[in-house]
Amino acid sequence: AFFLIDPYAGVPRSSLEFLCSSKAIILGSAGGLVFVLHRKGGALCVYNPARGIRCQLPSPPSEYCTWGGIAVRFMNDGDGVTKGYKLVYLSRTPAGSSWQRCQVYDSFARVWTMDKELDFGRKELHLEHPVVCDDVVFWASSHSESYERFDHYVVAFDVRKERTQIIPLPKEAAVTYLDTIGIGKWEGKSLCLIHYKMCTWVFGLWLLRKTNDGPPGWVRVHEVSLGQFGFMELPYVSSVTLSEVAMTTLLVFTISSKPYGYDIKDGTLKKLTSSEIYVAKLIPYSNTLRPCGEQEELLEQI
């Protein structure tokens, strides 16, 4: 099921019903565009739900793996006018490998410009939740069923330079069993690490700071304690992200299949929907009139 964090998102019900279809796998969303992989035939399409249109992308250079994720870097012509985007598709390789298949698509040229296997570290990644800051895409590591003993980290992929970097977490944010980590964009420009410490019921938010002569570092900017909100049982957080809604930043997370939003500006917490979300996949979406591509077609014709 879908639920919208922003009640003014303006997505037509017909578009939501289509995206809920079991025949389509939502890989990700950015700038009002939703990227979908169709189970039948494996076609990769981009949709604008607000306009009810879609465009099918050219076939990738290598076969897609359904267990993957996308990130989108929008480009501009120097005047702030978007002329296209770079689509980064990252798919998992066999378990235990540090290599991921990384493919890059240029929407302006309508060609795939890169198909490589790169080192993204030994842990599983939250491929569904990337953060894009300028030319760099970030993913956070996640818990896996193999119980590896590798420390958690954030991995950065520079789209322009086509290289990766492993960024260790701050020592104070060491991840233990049942802790949860995630990443988001802080005030539209900075990478924010979110660490929920199960034993203290506290969220810690850290900003990544770049340095000229050394590795990037982390600065703690905010913390949120769930203990003050009257939870009677130990709250296990299964997923977490940041969302900018109505001139404020929401810390969005799920507890026992229920989604919550904490307003960082005024310190209030509210349940986002009355329905339970058993498989939480928090996908960002903004209502825009951005075109899907040159060969668009109406959603009703699909």
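Please refer to the structure placed before this passage.
This structure is a prediction, so every number in the text was calculated from the model and none was measured.

Thresholds applied
- Residues numbered from 1 in each chain as written.
- Predicted model: local features only at pLDDT ≥ 70, side-chain atom pairs only at ≥ 80, totals over all residues.
- Heavy atoms only, no water.
- Helix = DSSP H or I, 4+ residues; strand = E, 2+ residues; numbered from the N terminus.
- Buried < 20%, exposed > 50% of the residue type's maximum accessible area, 1.4 Å probe, protein only.
- Contact = heavy atoms within 4.5 Å.
- Areas by Shrake-Rupley, 256 points an atom, 1.4 Å probe, with all protein chains shown as cover.
- Phe/Tyr/Trp six-rings, centres within 6.5 Å; stacked < 30°, edge-to-face > 60°.
- Pairing = 2+ DSSP bridges.
- Polar contact = N/O pair within 3.5 Å; in protein donor to acceptor, adjacent residues only side chain to side chain.
- Patch = residues over 30% accessible without salt bridge, like charges linked within 9 Å, V, L, I, M, F, W, Y side chains within 5 Å.
- Salt bridge = Lys/Arg side-chain N within 4 Å of Asp/Glu carboxyl O.
- Core = buried A, V, L, I, M, F, W, Y, C linked by side-chain atoms within 4.5 Å.
- Axes fitted to C-alpha atoms, helices over the stretch in contact; angles between N-to-C directions.

What to know about the overall build of the protein chain
Across its full length, the protein chain holds 1 helix and 21 strands. Every one of the 302 residues in the protein chain was classed for burial, and the buried ones make up 48%. Across the protein chain, contacts joining residues at least 24 apart in sequence account for 46% of those joining residues at least 6 apart. As displayed, the protein chain has an accessible area near 16000 Å², and 51% of this comes from carbon and sulfur atoms.

Looking at the environment of Q165
Its place among the elements puts Q165 in strand β12 (residues 163–168). It is 9.5 Å that separates the C-alpha atoms of Q165 and F138, two residues lying 27 residues apart in sequence. When neighbours within four sequence positions are excluded, Q165 is seen to be in contact with V154, V155, A156 and P216.

A closer look at the side chain of S142
Tracing the sequence through the fold places S142 in the loop between β10 (136–140) and β11 (153–158). The residues touching S142, leaving out its near neighbours within four places in the chain, are K123, E124, L125, H126 and H152.

Structural notes on the packing of aromatic side chains
Per the stated rule, a full pass over the model turns up 11 aromatic pairs. Ring centres 5.7 Å apart and planes at 80° place the aromatic pair F35 and Y85 in the edge-to-face group. Remark: Y85 occurs in strand β6 (residues 82–92) and F35 occurs in strand β2 (residues 33–38); sequence separation between them is 50 residues. For the pair F35 and Y85, one class covers both residues: buried. Look at F120 and F157: their rings are 6.3 Å apart centre to centre, the planes differ by 45°, and that puts the pair in the tilted class.

Re the pairing of strand β15 (residues 202–209)
The buried fraction of β15 amounts to 7 of the 8 residues, a majority that puts the element mostly inside the structure. The pairing of strand β14 (residues 190–197) with β15 spans 6 bridges and is classified as antiparallel. Residue pairing across strands places K197 opposite V202, the latter belonging to β15. The hairpin turn running from β14 into β15, its antiparallel successor, is 4 residues long, and W201 in that turn takes a positive phi close to 65°. In this sheet, strand β16 (residues 217–225) lies alongside β15 in antiparallel orientation, the contact comprising 8 bridges. By the bridge assignment for β16, V202 is matched with S225.

Some details on the environment of E117
Relative to the helices and strands, E117 is located in strand β8 (residues 111–119). Given the relative accessible area of 41%, E117 is considered partly exposed. Residues E117 and W99 lie 18 residues apart in sequence; the distance between their C-alpha atoms is 5.8 Å. Those residues within four positions of E117 in sequence are excluded, and the remaining contacts are T93, W99, Q100 and R101. A distance of 3.4 Å separates polar atoms of two side chains, one belonging to E117 and the other to R101.

Some details on the sheet that holds β2
Read from one edge to the other, the open sheet built from 5 strands follows the order β1-β2-β3-β4-β21, with strand pairing classed as antiparallel. With one partner strand each, in any of the chains shown, β1 (24–30) and β21 (297–298) form the two edges of the open sheet. Taken together, the 6 bridges between β1 and β2 define a ladder with antiparallel strand orientation. If you follow S29 over to β2, its bridge partner there is V34.

Thoughts on a nonpolar patch on the surface
Taken together, the side chains of Y177, L178 and Y236 define a hydrophobic patch exposed on the protein surface, amounting to about 350 Å² of accessible area. Looking at the secondary structure, you find L178 in the loop between β12 and β13 (180–186).

Description of the nonpolar core
If you look at the biggest cluster of nonpolar residues, it comprises 21 residues, and the most contacted ones within it are F203, L226, L251 and F253. Of all the secondary-structure elements, those providing two or more residues to this core are β14, β15, β17 (237–245), β18 (248–255) and β19 (258–263). Not counting chain neighbours up to four residues away, the residues in contact with L226 comprise Y196, W201, F203, F231, P235, V237, F253 and I255. In this structure, L27, V46, F74 and Y85 belong to the second largest nonpolar core, which totals 20 residues.

A look at the sheet that holds β11
Taken together, the 4 strands give an open sheet; going across it, the order is β9-β10-β11-β12, and neighbouring strands pair in antiparallel fashion. The open sheet is flanked by β9 (131–133) and β12, the only strands paired with a single partner. Recorded for the sheet is a direction-independent mean angle of 25° between the axes of neighbouring strands. Two strands pair when backbone bridges link them, and β10 and β11 are joined in this way by 5 bridges, in the antiparallel orientation.

Topic: unusual backbone geometry
If a residue is not glycine, its phi is most likely negative; likewise, a peptide bond is most likely trans. Even without being a glycine, L178 presents a positive backbone phi close to 75°. At W201, a position not held by glycine, the phi torsion is positive, near 65°. Along the chain, W201 falls in the loop between β14 and β15. A residue is classified by how much of its surface remains accessible, and W201, at 18% relative accessible area, is buried.

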